[in-house]
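A look at the structure
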Amino acid sequence: MEQRTLLALVVFSSLIVLAETIDQKPAIEIYSLHVDCKVTSRFAHTVITSRIVNRANESREATFEVELPKTAFITNFSMSIDGEVYPGIIKEKAAAQNEYNTAVSQGQSAGLVKITDRKLEQFHVSVSVAAASKVTFELTYEELLKRQLGKYELLIKVRPKQLVKHFQIDVHIFEPQGIRFLETDSTFLTNELTEALTEVLNETKAHISFKPTLDQQKKNSEPDETLLNGDFVVRYDVKREATAGDIQIVNGYFVHYFAPQEMPVFPKNVIFVIDRSGSMTGRKIEQTREALLKILQDLRPEDHFSFITFNNKVVEWKSSLLPTTEENVASAAALVQTLSARGGTDINGALLAAVGMLEKAEGLLERSISMIILLTDGQPTSGERNVEVIQENVQKAINGKYALFCLGFGFDVSYKFLEKMALSNGGIARRIYENADAALQLQGFYQEVATPILMQIEMKYPENSIEGLTKNIFKLFFEGSEIIVSGKIRDELDLFPVEIKAQSHTSNLTLKEEANVQEKEQVFQNQRYIFGNFIERLWAYLTIQQLLEKAISAQEEDQKALEAQALDLSLRYSFVTPLTSMVVTKPQQKEELANKPTEADNEKPSLLVGASFKRPHARMPSEDYSGSSRLMSASPAARRHSEIQTRGHRRMFSTVPVFRHLAAPPVADEYPQLLLQLPRQNERICLNIDKTAQTSVQLVSDPVQGLTVTGKLGDGINHFVQFDINYENPPVQIRVYTHAILVSHNNKNDWLSWTKSASSTIQGLRVAVDKDRSVTVSLPDTVTVKISLVRFPDDFLGLYFLNTDRFSDQVTGVLGQFYSTAQFGSNSNNVQRAVERLLRVSGSEHKVSRLYKKDYRLESANEPVSCWSIDLTP
């Protein structure tokens, strides 16, 4: 009988995750994994090749998953099984969907392969592998690297979950302008693994290779486990000498890169329009306050600013924009601190009020840039509610004079509505993911638009000699970004002239450049870094992206014409875009579809292999007996294959019961609020606090240790979302949230992000963040505090302690009392089999029950743990 084993490969801008389940030595073995990325003039061509073998004496099923950036287009996929190749074929989405529907009606196990997350979308296919057979998966995708804050970044997340005999990452970079700087970083490199990393760099080329041996991959303590678990990052930028940018030409296609430097920054007139309706209650409004306080500190002295807050009422903080003085910033910070959420959502009234404030503003600098930044989390429920009318009202009021940026917080908001409104008014839309570091996302967005250095930019080329020109007129240019224009040279030209007209803060600019076509084409001759006609493919990629973006704000008839052009290019250049699908035919003629999701798809259920649904506030049942809560770092237990769609976080599980050949494991239905190991006793306590009593709880207070820990339970979630750790010596407070960590000492605040590993040491007190996993607070001769971050299905924090023998006899608190006074009553029955016992704590007796719970402690085996469960009211 066939058994089922899950193998997952995940690639994000080359992110790799492989997970192998059930057997300690996997039956499905990855004996080779190679990621080959060629970046030529910012255009990245990535090929992931995974080779596996089934070493079992019966059939096993392997699943291949690849996560790739939302901006990338899949261009090819194939799997080779015992020498027979099964290619993916790209077709028009409607035609592919019809084939899929036919397959379903005939009873085949066809299914949409579409899943998305904050930055990623996922390609997923599975296949049955016969005993002793081999399978090779190969996936290719292409993307244009975007310059942000002065650099390009290629991120490779590596989590193989097993030792791989032939593991290799190759990144080749060729930049004719010259490479200004290059850096390779990693969160998992040990001294041994560093020896597996090589970096070769010259004027225009770089080759980064990472090829660890089996011995280098092994953990010393766990020889069967791999050290490859974390981020592998390549960052670089190019040299810029020509004032009018750099022109590159290959086979009749050109690309023009323009990123001026060292120019004066325009003063900004910015109005923050902040939603404070009832749906913003809780974490959203807290994160908004945190982000705005940081943004206020980033305003430049020459900027003017103001705030408008709204629910069913629109409130202007001041009647006009104010200059950025220390006094005005402090006054605004006081307002931000008081923001609370209640009432309805009058988006129309708020935006029109912002436009009106800009219209009547006085004392603004003549050469300055005015912008409105809207943050909302819901649909319009007060005032004008028709989104089309709101879009029309706002566009008529702005009339091309100001830029509108729309930030949609969470998944109750209509992203299509915000995106169309922003694109129609010279701005962009961005979704802020509430289950992640929302405050840092908001700050990051502001940094991208904080330094405008050019406006009204027009890139001019020989009018009668160019066809298929991509967007060449831009309203704003921000420092650290890049303008890219591409097209086809129709006539034979010896010289290719370029003219750029723009306005800077101090003057009107005209920049001119002439490129020698023959010399430019010779640059790319015989370069092994080059993949095909890369500029032509870059042109097609950029044209498709811009056609689809233009279609969003176009009238219905124009929209159809724009989508038809984008579809034609998608099929001609074999790109999986929102208009096409890849049909993957497997053995026995079973088919699956790979579709390109859009950001708006996050808001409605999408069918995968079964029905999908939005999760309620209650926690979903455990997806596997290991109790793991995160797909990326999960214990590799088998999963089920029906999609559970949560707000912005969808996961794919297998329909075939994995454990049909195994003894039933203990079921762990949820995480406890608190989990502790009793000192000097081989017993665990799972503690749950009645949250109706109070939301802030004093958990530990030890005057001898000089340590107190309090916790805060979340709104709509029966878990802790904040812990405050206070030390007397040194006087330090660490406030741990699900989105970031705040370290305070001597009136100085330092923020640490969950998105990267980092540490901070103050007078021997060390705060260390393990990216997206945990924060550890340690002080010599003192109890170590550790907090795990759990992301799915709700964000929450799990507290536990190490070196608990260092607690004094004076320790108190809801949790602390168990470390000093807890004792089990005598029980004549076999304790190992008992399901109920008496526990004495602080003079009170409690009847406790043995339950199995998920274990959030990172040092554990991530399997369900047996614990004595107790409910307390503080």
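A quick note: this is a predicted structure, and the numbers were derived from the prediction, not measured.

**A few points about unusual backbone geometry**
- Look at the link from Asn729 to Pro730: it is a cis peptide, with omega at 0°.
- Mapped onto the elements, Pro730 comes out in the loop between β42 (720–727) and β43 (732–737).
- Phi at Ala132 takes a positive value of approximately 65°, unusual for a residue other than glycine.
- Looking at the element boundaries, Ala132 is found in the loop between β11 (120–129) and β12 (134–144).
- Even without being glycine, Gln456 reaches a positive phi, approximately 50°.
- Judged by relative accessible area, which is 39%, Gln456 ranks as partly exposed.

**Topic: the pairing of strand β8 (residues 84–92)**
- In this sheet, β8 lies alongside strand β7 (residues 73–81) in antiparallel orientation, the contact comprising four bridges. Note on β8: the bridge partner recorded for Ser78 is Pro87.
- As defined by bridge partners, β8 adjoins strand β34 (residues 580–585) across five bridges and the pair is classed as antiparallel. Across the sheet, Ile89 pairs through a bridge with Val583, a residue of β34.

**Notes on the side chain of Ser581**
- Residue position: Ser581 is located in strand β34.
- Once residues within four sequence positions are removed from consideration, Ser581 is found in contact with Ile89, Ile90, Lys91, Lys93, Ala96, Ala594 and Asn595.

**Some thoughts on the packing of helix α11 (residues 534–552) against helix α12 (residues 556–572)**
- It is at 9 Å that the axes of α11 and α12 come closest, and there the two elements cross at 160°. Taken together, α11 and α12 sit at an angle that is classed as roughly antiparallel. Considering how the two elements wind past one another, α11 and α12 form a crossing that is left-handed. For the pair formed by α11 and α12, the contact residues are Trp539, Thr543, Ile544, Leu547, Leu548, Lys550, Ala551 and Ile552 on the first element and Gln559, Leu562, Glu563, Gln565, Ala566, Leu569 and Ser570 on the second.
- Considered class by class, the residues forming the contact of α11 with α12 number nine nonpolar, four polar and two charged.

**A word on helix α9 (residues 438–449)**
- With twelve residues, α9 should cover 16 Å at 1.5 Å per step; its first-to-last C-alpha distance of 17 Å lies within 8% of that length.
- When α9 is considered as a whole, its buried residues turn out to be Ala438, Ala439, Gln441, Leu442, Gln443, Phe445, Tyr446 and Val449.

**Structural notes on the confidence of the model for the protein chain**
- Averaged over all residues, the pLDDT of the protein chain equals 81, while 82% of them reach at least 70.
- Note on residues 1–23: pLDDT under 50 across the span, and 126 contacts to partners over four residues away in sequence or across chains.
- Considering only residues more than four positions removed or in separate chains, one finds that residues 107–116, a stretch of pLDDT under 50, has 52 contacts.

**Section: the state of the cysteines**
- According to the stated counting rule, one finds one disulfide in the structure shown.
- Covalently, Cys686 is tied to Cys867 through a disulfide, its sulfur atoms 2.0 Å apart. Note on the Cys686 and Cys867 pair: the S-S dihedral is about -105°, so by sign convention the disulfide is left-handed. One end of the pair, Cys686, is in strand β39 (residues 684–689); the other, Cys867, is in strand β54 (residues 865–872), with 181 residues separating them in the sequence.
- Under the relative-accessibility criterion, Cys867 is labelled buried at 1%.

**Overview of the packing of aromatic side chains**
- Taken as a whole and assessed by the stated rule, the structure comprises 32 aromatic pairs.
- Centroid distance Phe405 to Phe445: 5.8 Å. Interplanar angle 65°. Geometry classified as edge-to-face. Taken as a pair, Phe405 in strand β26 (residues 403–409) and Phe445 in helix α9 lie far apart in primary sequence, 40 residues in all.
- Taken together, Phe272, Phe305, Phe307, Trp317 and Tyr446 form an aromatic cluster joined through their ring pairs.
- Over the aromatic face of Tyr257 sits the side chain of Arg42, whose NZ or CZ is 3.7 Å from the ring centroid.
- Here Lys205 stacks its cationic end above the ring of Phe174, 5.9 Å away from the centre of that ring.

**Notes on the nonpolar core**
- Leu699, Ile725, Ile734, Leu799, Phe801, Leu815 and Phe818 are the most contacted members of the largest nonpolar core, which has 62 residues in total.
- Other than its neighbours up to four places away in sequence, Ile725 contacts Leu707, Thr708, Val709, Val732, Gln733, Ile734, Val736, Val777, Val785 and Ile787.
- Membership of the second largest hydrophobic core comes to 55 residues, among which are Phe77, Ile156, Val171 and Val238.

**A word on the packing of helix α6 (residues 347–359) against helix α7 (residues 387–398)**
- The geometry of α6 relative to α7 is characterised by a closest axis approach of 10 Å and an angle of 0° between their N-to-C directions. Between α6 and α7, the angle is such that the two are roughly parallel. The residues of α7 that touch α6, namely those facing Asn348, Leu351, Leu352 and Val355, are Ile390, Asn393, Val394, Ala397 and Ile398.
- Residue composition of the contact of α6 with α7, grouped by class: seven nonpolar, two polar and no charged.

**Considering the sheet that holds strand β33 (residues 508–516)**
- The antiparallel open sheet is built from four strands, whose spatial order is β30-β28-β32-β33. For this open sheet the edge positions go to β30 (473–478) and β33, each flanked by a neighbour on one side alone. Sheet twist, expressed as the mean angle between neighbouring strand axes with direction ignored, is 25°.
- Taken together, the five bridges between strand β28 (residues 452–460) and β30 define a ladder with antiparallel strand orientation. Across the sheet, the residue bridging to Ile457 is Phe474, located in β30.

**Describing the sheet that holds strand β52 (residues 836–841)**
- Taken in spatial order, the six strands line up as β38-β39-β54-β53-β52-β51 in an open sheet, and their pairing is mixed. Because the sheet does not close on itself, it has two edges, and the strands there are β38 (674–677) and β51 (823–824).
- As paired strands, β38 and β39 are joined by four bridges and run antiparallel to one another. Opposite Leu674, over in β39, you have Leu687 as the bridge partner.

**Considerations on the pattern of salt bridges**
- For the structure shown, the criterion picks out 32 salt bridges.
- Between Glu203 and Lys239 there is a salt bridge; the shortest N-O distance is 2.6 Å. With Glu203 in the loop between β16 (197–201) and β17 (205–210) and Lys239 in the loop between β18 (230–238) and β19 (246–250), the pair connects residues that are 36 residues apart, well separated along the chain.
- Judged by relative accessible area, which is 27%, Lys239 ranks as partly exposed.
- What emerges from the salt-bridge pattern is a single network uniting Arg42, Arg147, Glu175, Arg180, Asp237, Arg240 and Glu482.

**Looking at helix α4 (residues 283–298)**
- The terminal C-alpha atoms of α4 lie 23 Å apart, and with 16 residues this matches the ideal 22 Å at 1.5 Å per residue to within 8%.
- Among the residues making up α4, those that are buried are Lys284, Ile285, Gln287, Thr288, Arg289, Glu290, Ala291, Leu292, Ile295 and Leu296.

**Points about the pairing of β54**
- Of all eight residues in β54, seven are buried, a share of seventy percent or more.
- Looking at chain direction, β39 and β54 are connected through five bridges and run parallel. Across the sheet, the residue bridging to Ile689 is Leu872, located in β54.

**Quick look at the environment of Ala341**
- Along the chain, the position of Ala341 falls in the loop between α5 (326–337) and α6.
- For the pair Ala341 and Phe310, spaced 31 residues apart in sequence, the C-alpha separation works out to 9.4 Å.
- Ignoring anything within four residues of it in the chain, the contact list for Ala341 reads Arg276, Ser277, Gly278, Met280 and Thr281.

**Comments concerning the environment of Ile725**
- When you line up the elements, Ile725 lands in strand β42.
- A relative accessible area of 0% means that Ile725 is categorised as buried.
- Between the alpha carbons of Ile725 and Val777 there is a distance of 8.8 Å; along the sequence they are 52 residues apart.

Scoring rules and cut-offs
- Residues numbered from 1 in each chain as written.
- Predicted model: local features only at pLDDT ≥ 70, side-chain atom pairs only at ≥ 80, totals over all residues.
- Heavy atoms only, no water.
- Helix = DSSP H or I, 4+ residues; strand = E, 2+ residues; numbered from the N terminus.
- Buried < 20%, exposed > 50% of the residue type's maximum accessible area, 1.4 Å probe, protein only.
- Pairing = 2+ DSSP bridges.
- Contact = heavy atoms within 4.5 Å.
- Axes fitted to C-alpha atoms, helices over the stretch in contact; angles between N-to-C directions.
- Parallel < 35°, antiparallel > 145°, perpendicular 65-115°, else oblique.
- Left-handed = near helix turned anticlockwise from the far one by under 90°.
- Nonpolar A, V, L, I, M, F, W, Y, C, P; charged D, E, K, R; others polar.
- Expected span 1.5 Å × (residues − 1).
- pLDDT = per-residue confidence, 0-100.
- Disulfide = S-S within 2.5 Å.
- Phe/Tyr/Trp six-rings, centres within 6.5 Å; stacked < 30°, edge-to-face > 60°.
- Lys NZ or Arg CZ within 6 Å of the ring centre and 35° of its normal.
- Core = buried A, V, L, I, M, F, W, Y, C linked by side-chain atoms within 4.5 Å.
- Salt bridge = Lys/Arg side-chain N within 4 Å of Asp/Glu carboxyl O.

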